[in-house]
Structures are given as structure tokens and as C-alpha cells.
Amino acid sequence: MKVRRLIATAAIVVIAAAVQTTMFATIRPFDAAPALVLLVVIAFARHLPAEAALLLGFGAGILQDLLSDSALGLWALVLTTVAFFVLRFRDRLEDDFSLIGPFVFGVTAGGLALFSVLSTIFGEKTLADVGLIKKVLLPSLYNMVLAAPILPFATWVLGAARRRSTPFQL
Amino acid sequence: MWRPSNIDRPTGIFVGLLVLSLALVTIDLRASGEGLGSTLRDGAQAVFAPVERVVATGTRPIAGFFEDLSNLFSLAADNQRLRDQVTDLQRQLQETESVRIRVAELEALLGVEPPGGLDSIAASVLAVGVSEFDQVRVIDKGSADGVGVDMPVVDEGGLIGRVVAVTNDVARVRLITDPTVNIAVRIQRTGETGVLTGRGSGPMVLELFNTDAAVVEGDLLVTADGRFPAGIPVARVREAARAEVGFSLRTTADPVAGLTSIDFVKVLVFTRDEATVTDLEDQSGLPLPVPTEGGTPSEGDSDEAPTTSTTTTLGGSAP
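Note that the coordinates shown come from a computational prediction; the quantities given were computed from them, not determined experimentally.

Parameters and conventions
- Residues numbered from 1 in each chain as written.
- Chains lettered and ligands numbered in written order.
- Predicted model: local features only at pLDDT ≥ 70, side-chain atom pairs only at ≥ 80, totals over all residues.
- Helix = DSSP H or I, 4+ residues; strand = E, 2+ residues; numbered from the N terminus.
- Rg over C-alpha atoms; globule rule 2.2 N^0.38 Å.
- Buried ≥ 20, exposed ≤ 12 C-beta atoms within 10 Å, placed from the backbone.
- Contact = placed C-beta atoms within 7 Å.
- Axes fitted to C-alpha atoms, helices over the stretch in contact; angles between N-to-C directions.
- Parallel < 35°, antiparallel > 145°, perpendicular 65-115°, else oblique.
- Left-handed = near helix turned anticlockwise from the far one by under 90°.
- Nonpolar A, V, L, I, M, F, W, Y, C, P; charged D, E, K, R; others polar.
- Bend = angle between axes of the 7 residues up to and from the residue.
- Domains from an automatic or database assignment.
- Pairing = 2+ DSSP bridges.
- pLDDT = per-residue confidence, 0-100.

Chemist: Teacher, can you tell me more about the overall build of chain A here?
Modeler: Broken down by element type, chain A carries 7 helices and 0 strands. In chain A, the order of α-helices and β-strands from amino to carboxyl end is α-α-α-α-α-α-α. Here chain A has a C-alpha radius of gyration of 15 Å; the compact-globule value for 170 residues is 15 Å, and the two agree. When the backbone C-alpha atoms are referred to their principal axes, chain A occupies close to 45 × 30 × 30 Å. The 170 residues of chain A split such that 53% are buried. Across chain A, the fraction of contacts at a sequence separation of at least 24, relative to all contacts at a separation of at least 6, is 68%.

Chemist: Please clarify how unusual backbone geometry should be interpreted in this entry.
Modeler: Where the residue is not glycine, phi is negative for most of them; where a peptide bond is considered, it is trans in most cases. All names here are of chain A. The backbone phi angle of Phe30 is positive, close to 55°, even though this residue is not glycine. The exposed category is assigned to Phe30, around which 9 C-beta atoms lie within 10 Å. Phi at Asp31 takes a positive value of approximately 55°, unusual for a residue other than glycine. By the element assignment, Asp31 lies in the loop between α2 (23–26) and α3 (36–45).

Chemist: For this particular structure, what's the right way to read the packing of helix α5 (residues 74–95) of chain A against helix α1 (residues 9–31) of chain B?
Modeler: Helix packing for two helices is described by the angle between their axes and how far apart those axes are. Where α5(A) meets α1(B), the axes come as close as 8 Å, and the angle between the chain directions of the two elements is 165°. Relative to α1(B), the element α5(A) lies roughly antiparallel. Here α5(A) and α1(B) pass one another in a crossing that is left-handed. Side by side, α5(A) and α1(B) meet where A:Leu74, A:Ala76, A:Leu77, A:Thr80, A:Phe84 and A:Leu87 of the first sit next to B:Pro10, B:Phe14, B:Leu17, B:Leu18, B:Ser21, B:Leu22, B:Leu24 and B:Val25 of the second.

Chemist: Sorry if this is basic, but what is going on with the interface of chain B and chain A here?
Modeler: A common way to report how large an interface is uses the accessible area buried once the components associate. Listed per partner, the contact involves 45 residues of chain B and 49 residues of chain A. Residue assignment for the side of chain B that touches chain A shows that the elements contributing at least two residues are α1, α2 (35–110) and β1 (120–128) of chain B. No other element matches the 14 residues that α2(B) contributes to the side of chain B that touches chain A. Looking at the side of chain B that touches chain A residue by residue, the classes come out as 25 nonpolar, 11 polar and 9 charged.

Chemist: Explanation requested: helix α7 (residues 132–157) of chain A in the structure shown.
Modeler: One turn of an α-helix holds 3.6 residues; hence residues three or four places apart share an orientation. Of all the bends in α7(A), the greatest, near 55°, is centred on A:Ala147, and the proline A:Pro149 appears no more than four residues after it. Downstream of α7(A) by one or two residues, A:Gly159 has phi in the positive range, about 75°.

Chemist: Looking at this structure, I do not really get the domain arrangement of chain B. What am I missing?
Modeler: Residues and elements named next belong to chain B. Looking at chain B, the domain boundaries give domain 1 (33–111), domain 2 (117–175) and domain 3 (181–259 + 272–311). On the domain 2 side, the residues contacting the 8 residues of domain 1 number 8 residues. In terms of residue class, the side of domain 1 that touches domain 2 is made up of 3 nonpolar, 1 polar and 4 charged.

Chemist: Quick question: what am I supposed to make of α3(A) here?
Modeler: All names here are of chain A. Burial analysis of α3 places 10 of its 10 residues in the buried class, the great majority of the element. Among the residues of α3, those classed as buried are Leu36, Val37, Leu38, Leu39, Val40, Val41, Ile42, Ala43, Phe44 and Ala45. Summarising the contacts, the buried residues of α3 are in contact with α1 (3–21), α2, α4 (50–67), α5, α6 (100–121) and α7.

Chemist: It is not clear to me how the sheet that holds strand β5 (residues 171–175) of chain B should be interpreted in this structure. Could you clarify?
Modeler: The strands making up a sheet associate through backbone hydrogen bonding, with each pair oriented either parallel or antiparallel. All names here are of chain B. Taken in spatial order, the 6 strands line up as β1-β2-β5-β4-β3-β12 and close into a barrel, and their pairing is antiparallel. In this sheet, adjacent strand axes meet at a mean angle of 45° when their direction is disregarded. Sheet topology places β1 next to strand β12 (residues 264–268); 5 bridges connect them, and they run antiparallel. Bridged to Ala122 within β12 is Lys266.

Chemist: When you look at the pairing of strand β9 (residues 220–223) of chain B in this model, what are you seeing that I'm missing?
Modeler: Two faces belong to every sheet, and in a regular strand the side chains alternate between them. Residues and elements named next belong to chain B. Direction of pairing for strand β6 (residues 181–187) relative to β9: antiparallel, over a ladder of 3 bridges. Bridged to Val185 within β9 is Thr223. Sheet analysis places β9 next to strand β10 (residues 233–237), joined by 3 bridges and oriented antiparallel. Bridge pairing links Leu221 to Ala235 in β10.

Chemist: Help me understand the packing of α1(A) against α4(A) in this model?
Modeler: All names here are of chain A. The contact between α1 and α4 brings their axes to 11 Å, and the two run at 35°. α1 and α4 meet at a crossing whose hand is right-handed. Packed against α1, whose contacting residues are Thr9, Val13, Val14, Ala17 and Thr21, the element α4 presents Leu56, Ala60, Leu63, Gln64 and Leu67 at the interface. Looking at the contact of α1 with α4 residue by residue, the classes come out as 7 nonpolar, 3 polar and no charged.

Chemist: Sorry, what's going on with the pairing of β1(B) here?
Modeler: Two elements, β1(B) and strand β2 (residues 136–139) of chain B, share 3 bridges in a ladder whose sense is antiparallel. When the bridges of β2(B) are listed, B:Val125 appears paired with B:Ile139.

Chemist: Can you walk me through the confidence of the model for chain B in this structure?
Modeler: Detailed reading of the predicted coordinates is not advisable wherever pLDDT is low. Residues and elements named next belong to chain B. A residue-level look at chain B finds 74% of positions with pLDDT of 70 or above and a mean pLDDT of 75. Mean pLDDT across the elements of chain B bottoms out in strand β15 (residues 310–311) (32) and peaks in β5 (91). Taken together, the stretch residues 304–319 has pLDDT below 50 and engages in 50 contacts with residues farther than four places along the chain or on a different chain. Among the scores for the predicted complex, ipTM is 0.85 and pTM is 0.73.

In C-alpha cells form, the structure reads like this:
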């Protein structure tokens, strides 16, 4: 994989985090915003080689951990798991593209739910949040909508074509 | 039969990264907000702040468009609401002067200093938390401007939170709605003390220790003398409550600060050390923290370090 694409991917993750913390501080329909970094991980993990996709999830998670109040490593764990999940299912998505929307919704909701459970286990009381359901479902819904522009954008940035026959062949 | 060779390379990397993540979590939790994790966070925030400034500037037209769009829909309703508010405020204005004199007398009796006498630093909100679960705001003033850790942050409505991390240029503020935050409060009308706890979003939970106390809808809760200076408005009681038998009195309260749409804030130049906070809590009859192994005493207004301290509530004790 070319270095240029790696740098582009890293830059897009950083920009996604910045957009998440600034623009989506203002644009918050029903007082919720999309989980943009998580969506970028899904979008790029569909095309990157397996190792790079997992490292992308881990790196994006570390960045999110550093910018949040959660314990360092929690988001890394969640986004690495998201990347792994995408790797396992990405070929099936290629076969039936109509599944991509529900898939993004499900993976986002699963990732956020996993974070809620893990952060509660590690003492952050996230499950005590009365708006928890809304904070899981609305970002998932917004991610599903934003997947329409973001996923093709990731495909374009990475030069589109995946040349592999199995989920893990590079 | 399971053999290591059954695991393909990506799965091995995945498991390795999970183990690494868990190790990082453990190290960070054991450091309790200090050490490497804290240093990395401060560094990341310092490096990331310029990126946020650029992106905020670049995306302002888009954000402004959507904001205008949402304002358009609510314009008529806002007009009517503001007209009603003007009428109401004119009436209140006439009543205020006499109330102000009475409040000054009561505060003098209670030995409470109004927070208005404190120096403050005006700041604007640069960014919000990176996920919906983060009850934090990043403000554009840091240690170079005089902002320090533990300083209270207010908006025109009341208390927003307190500074939990500072770099040279920016500071991170933890909101009062964070579920790990407990604030010592006093009902302004009666002087009864209690603890207000965040629930992530929506109304906060108020616990009073005098089970005979009367709480009515609309009662204003202000900070009691503790971590924060006394008298800052925090929340307004949502519904009247009566005591659960043998326990503390519980009800809910809405924050008076506009936490969902904060633009500009003021950082109050005020900090107290742990010993003073503990003394004040003892005097006011607030619940004492249960010391845990290696843990520092919990605050009356505390952001609980995960897994290091617990606060108990003792029912029925009058302040």
C-alpha cells in the first residue's frame, strides 16, 4: 500500500475527529451527532489490507481516547473491534450492496453499546446515562445517512479497487 | 483440537491489539488521571487545538447554514416566547429590588460571599467531546490566560462545570451533567443542603439529607460552600418531593445553564485545596467520603476518579 494513501487515511481520521468536535457541536438534530470517526473507520476498513485496517481502528481509537475523558485504550479497543468486524463481513457486503446501510447502522450501534458497557465496567458510569438509548441509536442513524457520501469518498481516496479474493488476503 | 496455527494473521493482530488496549486501560486507570495518560492527553489537546480552530473556521458556513435553518423553523415560536418573557420580566423587575435587599441580608446572615466578587476570565467554547458520551467542553483559554485546574466555569445561567485539564492555550471543562460529578448544593429558599448528581443528560438527581425538608417545584439550587464558591445557581427543582422512609429525600432538577448550546463562558478565578473543602463539608453536614485504599478523599463537589473512591449518603441528618 502506498505511503501517500496511508497519510491521506491518517489525515482524514484527524479531520473527522476535528469536524466531530467542532462542526457537530453546532449541528445536532435532536441533540445528537454522528459518530464520525467510527464511520471513517468503517469506510476505510472496507478497502484497506487487513493489518492496516486493524491498525487504523486502533490508531483512531487512541486519538479519540486522547481527546475524550475515557480511560486511554477504551475507544482503541472498541474501534479495533469495529475494524475487525468490518474485515470479516466486507466481502459479503460486496455481494449484496443493499446491506451496507443496515450494516453501518448495526456496527455503529454495536460499537457504541460496546463502549457503554466497557466504560461502565471500568468505572465511568456510562450506563447510568438516562439518554443512553438515544446516544446509541441517533448517531447510528446519522452514520447510516452519512455513509452515502463517506463510503464512496473512502473508496475514491484509496483508489477504489481491492485486489483480493478473501477477506484477509492482502 | 485448538492450535495456535489455527489463528490467521489478522486475527492474531486483532487479539494483540485488544490485549494492548486493555493494558493501556489498566495503566491509565491505575494512574488515576496522572502520569503518562494525562501527559499524552494534554499534549494531544495542545496539538489538536490548532486543527480544531482551522476546521471550526472552515466549517462555520456549513454549521451556520444549518443553524439558520433550524432557527427559521423556531422563529415564530421564539417571538411569542420572547414577548411573554418581556412581560414577565417587567413584572419581575418591580419585585426584584425588594428581593435583592432581602437576599443580601440573608447572605450576610449565612456568611455566604456572593460569587459576583470573584475575578473571571471570559472564554468561548472551541470544541465539544469527541463522542456523545463525553460530558466535556474545550474552551479557548488556558494557563497562559490564568485558567487553572479546578476553577468553576459558568455561563449567564449558572454553573456549567469545572476545569479538569489545562494546557497553555486551551482548557477542558467537565460538565455538571457528567454521571461521575457530585455537587454540594443548597436550596436557596430554605438553606437545606444536599448533593446534586449528573445523569449524562436530562435532569440531575438531587438528594437532601434532611428528610423533613420541603422541596417544591422551581426551587433554585445554588452551590454550597465547598469546592465551588457558595451561591452559584446550579439547577432548578423539577418536581416537589417527599422523603423515602428512612432514607434521603430524592428528586430531580434541571440545570439552569444552557448546557446544550454553550458558546461563551466565564471561568471564575477560584480554587480551594482538599483540606479546606473537607473542613467546609464537615461544618455543613454534607456526606463524608468513604476512604478507600490509596484513594484521595472524595469531594463534596467531586468528579469521582473511576474505582478510587465512593461517596455514601447518610439519611436523616439535618445540616
